[in-house]
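# Descriptive analysis of the structure
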Amino acid sequence: MNQPLLLVEEKKQTILMTLNRPSVMNCLNFDLLYALGDEIDKLQYRTDIRCVIITGFGEKSFCAGADLKERASLTPDEVKKFILTIRNLLTTIQNLPLPVISAINGIALGGGTEVALASDIRIAADTASMGLTETRLAIIPGGGGTQRLPRIIGVAKAKELIFTGIRVNAKEALKIGLVNQVVPQENLLDACMDMAGMIAQTGPIAVEMAKYAIDKGIETDLATGLAIESNAYRVTIPTQDRVEGLTAFREKRKPVYKGR
Ligand code: COA
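The model shown is predicted, which means the values in this text are computed figures rather than measured ones.

## Some remarks on the site of the ligand
Close to the ligand lie 16 residues, the nearest being Lys60, Ala64, Ala66, Leu68 and Lys69. With respect to the ligand, the backbone of Ala66 contributes an N or O atom lying 2.8 Å from a nitrogen atom. When the free accessible area of the ligand is taken as 860 Å², the share hidden by the protein chains comes to 61%. The residue inventory of the shell around the ligand, partitioned by class, reads nine nonpolar, two polar and five charged.

And the structure:
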């Protein structure tokens with residue numbers, strides 16, 4: 001029986017999605033993009049889930065980008081369709097109301113790094129290697145990489161990485177702010193689950209609104225960003241969870257948030 005291209009596990013209040021094409025470094029073909037899209041769409045209304053972790057199967061590769069063997073068989077119009085599909089999928093991932101953590105367990109090139117860039121938080125194994133290497137194939141990043149990389153690490157460094165197509169190791173990725181944390185390979189999923197666990201202790205609407213305020217506010221001027229923050233804050237004021245937070249503080253107990 002064929003293995004599923006995407007493994008999906010629910011652990012506590014976290015969904016772990018594992019790209020599962022290890023024989024080709026978990027690279028992205030149409031079918032894997034569709035499988036990932038279907039699972040991401042299911043999360044739009046799962047209020048019981050607090051975090052998503054995306055990783056790659058095995059210890060060698062997170063994701064080696066677009067499937068270059070499939071690509072070689074595509075017509076120019078099909079290539080356009082692939083690029084539109086990955087761009088829309090990564091935008092959907094970025095816009096999920098839940099935090100998304102990429103657990104970068106090894107090589108992340110091209111679209112692999114773009115999946116990580118569309119995530120909210122990147123935690124890398126010490127063996128990871130990342131890069132937007134597309135210019136080496138005489139193309140450019142098409143899944144949002146030219147836009148998200150400079151927003152995360154700054155324009156100058158993003159240009160250096162994209163113009164040269166170089167790969168950076170985990171230590172360098174941490175130094176330039178491309179990843180949040182580097183941990184030993186064997187601790188990677190535990191580190192991601194620990195972060196997901198901490199997120200699960202917070203108010204769900206608060207985190208959703210914080211993500212919204214940061215992502216929308218960063219795209220605009222400070223005054224508009226502050227207005228976005230103000231409106232996002234207002235959403236939290238009438239919630240039961242806000243009252244529960246204050247009550248739990250007074251009663252010296254842990255709050256139980258319900259996302260209401
Ligand atoms: N598309 C299709 N197949 C890929 C792939 C990709 N993006 N990346 C790796 N593979 C396949 C290899 O062709 C090989 O398959 P084979 O055994 O049938 O030949 C298998 O995965 C293992 O890769 P291999 O190159 O033997 O491993 P390696 O450790 O020597 O190198 C990489 C790993 C990822 C550095 C190298 O495969 C590579 O550079 N891949 C292309 C990455 C890329 O440019 N991505 C951006 C696309 S826009």
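## Overview of the sheet that holds strand 7 (residues 121–125)
Across the sheet, six strands lie side by side as 1-2-3-5-7-10; this open sheet has mixed pairing. Whereas interior strands pair on both sides, the edge strands pair on one side only; in this sheet they are strand 1 (6–11) and strand 10 (181–183). Recorded for the sheet is a direction-independent mean angle of 20° between the axes of neighbouring strands. In the sheet, strand 5 (residues 100–104) pairs with strand 7 via four bridges, with the strands oriented parallel. By the bridge assignment, Ala103 is partnered in strand 7 with Ile123. Strands strand 3 (51–56), strand 5 and strand 7 of the sheet are contacted by helix 4 (residues 111–118), whose axis makes an angle of about 145° with strand 5.

## Some details on the pattern of salt bridges
Tallied over the entire structure, the rule returns 11 salt bridges. Residue Lys42 pairs with Glu39 through a salt bridge whose shortest N-O separation is 2.9 Å. Separated by three residues within a single helix, Lys42 and Glu39 lie in helix 1 (residues 30–42), roughly one turn from each other. Among the ionic contacts, a cluster of salt bridges with common partners joins Glu10, Arg46 and Asp48.

## A short note on the domain arrangement of the protein chain
Split by domain assignment, the protein chain resolves into domain 1 (6–200) and domain 2 (204–251). Measuring from the centre of the C-alpha atoms in domain 1 to the corresponding centre in domain 2 gives 27 Å. Every contact between the two is made by 11 residues of domain 1 and, on the other side, seven residues of domain 2. Taken over both partners, the interface formed by domain 1 and domain 2 buries close to 650 Å², and the fraction arising from carbon and sulfur atoms is 43%. Counting every contact that joins domain 1 to domain 2 gives two salt bridges. Notably, a salt bridge pairs Asp120 with Lys211, separated by 2.9 Å at the nearest N-O pair. For the pair domain 1 and domain 2, the number of links is five residue pairs in polar contact (both at pLDDT 80 or more). Looking at the side of domain 1 that touches domain 2 element by element, the count peaks at three residues for helix 3 (residues 76–95). When its residues are assigned to classes, the side of domain 1 that touches domain 2 shows six nonpolar, two polar and three charged.

Calculation rules
- Residues numbered from 1 in each chain as written.
- Predicted model: local features only at pLDDT ≥ 70, side-chain atom pairs only at ≥ 80, totals over all residues.
- Heavy atoms only, no water.
- Near = heavy atom within 4 Å.
- Polar contact = N/O pair within 3.5 Å; in protein donor to acceptor, adjacent residues only side chain to side chain.
- Areas by Shrake-Rupley, 256 points an atom, 1.4 Å probe, with all protein chains shown as cover.
- Nonpolar A, V, L, I, M, F, W, Y, C, P; charged D, E, K, R; others polar.
- Pairing = 2+ DSSP bridges.
- Helix = DSSP H or I, 4+ residues; strand = E, 2+ residues; numbered from the N terminus.
- Axes fitted to C-alpha atoms, helices over the stretch in contact; angles between N-to-C directions.
- Contact = heavy atoms within 4.5 Å.
- Salt bridge = Lys/Arg side-chain N within 4 Å of Asp/Glu carboxyl O.
- Domains from an automatic or database assignment.
- Buried area = accessible area lost by both parts, 1.4 Å probe.

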